[in-house]
Amino acid sequence: MSSATDSTYAARDHARAQAVPVDRPRPPEGTAATDVVWAETVPGGNYTHRVLARGTSLRLADPLGDACAHLLLHVADRPWERLNVADTTKVQWNAYLGPGSLLLSDQGRVLASVTEDSSGRHDALCGTSTLARNTQRYGDGTPQSGSPAGRELLLLAAAKNGALTYTGSAGPGTAVTLRAEQPLTVLIANVPHPLDPRPGYHCGPLEVTAWRGRATGPQDPLWDATPEGRRAFLNTAEFCAARGI
């Protein structure tokens, strides 16, 4: 069976077909254009990545109400330290992330903090879609197909099993903003949620915007919001100070 990339010319045409021109998202009101370090719209079924400096704010916005961002975070110069969802929910006694939530690594350090959230639809239990599931459901789940799986785009296994209920999108125009508390390598795949009950492959554009800022400090209310969070911030500050960050 031939594929869309079984020859050099076919691979070229396929790559060019993916380069659909899209509008760059606008920076938040009050943010200078010169402070914007990342502005990109990720079509459904695609992925993106970037290394962000400590203190950078990252907004993931859903303009049409059908985007589904699957997020992985790694410390930029130490890729073995990454987002640990189990610790993130366990340490904070909460699986429902929102404003004030901390995204933690397995080293007990803060990778990012949630500063704003108009969505409230953040799944910390399911993981992302898989090659096998997408192949069964859509006919193909490889990165080159029209229905790529999130795990294949992120190159990591993350699917979870459980008796969960799909609650759907929060609607158009919602967004969530994170603040990088360490230098981060950000990986994002915009693909349907694994529990999405719709038979087709539905996924709208995701707007990604990042701008310069400062990491959380002792003067920020978030620093002392919880004893567990304070300890995580102290661990992070101590580690960054020792490395001159």
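Each remark here, short or long, concerns the structure printed above.
Here the residue numbering is sequential within each chain, running from 1 through the sequence in written order. Totals for whole chains, interfaces and linings use all residues, but because this is a predicted model, local features are given only for residues with pLDDT of at least 70 and pairs of side-chain atoms are given and counted only at 80 or more. For the side-chain quantities, the full set of heavy atoms in the structure was used; hydrogens and water were omitted.

Mind showing me how you'd approach the overall build of the chain here?
Numbering of helices and strands runs from the N terminus, with a helix taken as a DSSP run of H or I at least four residues long and a strand as a DSSP run of E at least two residues long. Within the chain, the secondary structure is distributed over five helices and 10 strands. Each residue's exposure class comes from its accessible area (1.4 Å probe, protein chains only) as a fraction of the maximum for that residue type: buried when under 20%, exposed when over 50%, partly exposed otherwise. Split into buried and exposed, the 245 residues of the chain put 42% on the buried side. Contact definition: two residues touch when any of their heavy atoms are within 4.5 Å. Contacts in the chain between residues at least 24 apart in sequence constitute 73% of all its contacts with a sequence separation of at least 6. Surface accessibility in these figures is a Shrake-Rupley result with a 1.4 Å probe; residues are shielded only by whichever protein chains are displayed. For the chain, the exposed surface amounts to about 13,100 Å²; the carbon and sulfur share of it is 53%.

Honestly, the side chain of R59 in this entry has me stumped. Any pointers?
By the secondary structure assignment, R59 is in strand β3 (residues 57-62). Charged residues are defined narrowly, with Lys and Arg counted positive, Asp and Glu counted negative, and His plus the chain ends left uncounted. By definition here, a salt bridge exists when the distance from a side-chain nitrogen of Lys or Arg to a carboxyl oxygen of Asp or Glu is within 4 Å. It turns out R59 is buried and unbridged, and the closest side chain with the opposite charge, E207, is 5.2 Å from it. Side-chain polar atoms of R59 contact the backbone oxygen of R26, separated by 2.8 Å. If sequence neighbours within four positions are ignored, R59 has contacts with R26, P27, P28, A175, V176, T177, E207, V208, T209 and W211. Polar contact criterion, stated in full: a pair of N or O atoms within 3.5 Å, where within protein one must be able to donate a hydrogen and the other to accept it, and residues adjacent in sequence count only if both atoms are side-chain atoms.

Looking at this structure, how should I read the sheet that holds strand β10 (residues 206-211)?
Strand pairing in a sheet takes place through backbone hydrogen bonds and is either antiparallel or parallel in direction. Strands sit in the order β1-β10-β3-β8-β7-β6 across an open sheet of six strands; the sheet is antiparallel. The open sheet terminates on both sides in strands that have one partner only, identified here as β1 (36-42) and β6 (102-104). Within the sheet, the average angular offset between the axes of one strand and its neighbour, ignoring direction, is 20°. The criterion for strand pairing is that DSSP finds at least two bridges linking the strands in question. Note on definitions: angles span 0 to 180 degrees between N-to-C directions of axes, and those axes are lines fitted to C-alpha atoms, for helices only across the stretch in contact.

For this particular structure, what's the right way to read the sheet that holds strand β9 (residues 184-190)?
A sheet is described by the order of its strands in space; here four strands give the open sequence β2-β9-β4-β5, paired in antiparallel fashion. Looking at the sheet topology across the chains shown, the edges are occupied by β2 (46-52) and β5 (78-82). Here the average twist between neighbouring strands, direction ignored, is 30°. Relative to β9, strand β4 (residues 69-75) runs antiparallel, the two being bridged by seven bridges. Note on β9: the bridge partner recorded for L71 is I188.

Teacher, can you tell me more about the nonpolar core here?
Nonpolar side chains tend to gather and get buried jointly when the protein is soluble and globular. Here the nonpolar core consists of buried residues drawn from Ala, Val, Leu, Ile, Met, Phe, Trp, Tyr and Cys, with membership extended through side-chain atoms lying within 4.5 Å. In this structure, W38, L58, L73, V186 and V208 are the most contacted members of the largest nonpolar core, which totals 23 residues. Elements supplying a minimum of two residues to this core: β1, β3, β4, β7 (110-117), β8 (174-180), β9 and β10. Once residues within four sequence positions are removed from consideration, V208 is found in contact with P25, W38, A39, E40, V42, L58, R59, L60 and I188. Counting residues in each nonpolar core, the second largest holds seven residues, with L102, L104, W223 and A232 among its members.

What should I look at first to understand the pairing of β10 in this one?
Two faces, one strand: in a regular strand the side chains alternate between the faces of the sheet. Burial analysis of β10 places five of its six residues in the buried class, which makes it a mostly covered element. Where β1 meets β10, six bridges bridge the pair, whose relative direction is antiparallel. Paired with E40 across the bridge in β10 is V208. As defined by bridge partners, β3 adjoins β10 across five bridges and the pair is classed as antiparallel. Its bridge partner lying in β10, R59 is registered against T209.

Teacher, can you tell me more about the pattern of salt bridges here?
Once their charged atoms are close, side chains differing in charge can pair, the charge on each being opposite to the other. One pass over the full model with this rule turns up 12 salt bridges. Note that D66 and R198 form a salt bridge whose closest N and O atoms lie 2.8 Å from each other. Highlighted residues: D66 in the loop between β3 and β4 and R198 in the loop between β9 and β10, separated in sequence by 132 residues. Assessed through its relative accessible area of 24%, D66 is described here as partly exposed. Where E181 meets R179, a salt bridge forms, and the shortest distance between an N and an O atom there is 3.5 Å.

Sorry if this is basic, but what is going on with the state of the cysteines here?
Note on terminology: a disulfide is the covalent bond linking the sulfur atoms of two cysteines. A pair of sulfur atoms, both from cysteines and within 2.5 Å, is called a disulfide here. Per the counting criterion, the structure on display carries zero disulfides. Not part of a disulfide, C126 finds its nearest cysteine sulfur in C68, a span of 9.5 Å. Taking the relative accessible area as the measure of exposure, C126 reaches 4% and is therefore buried.

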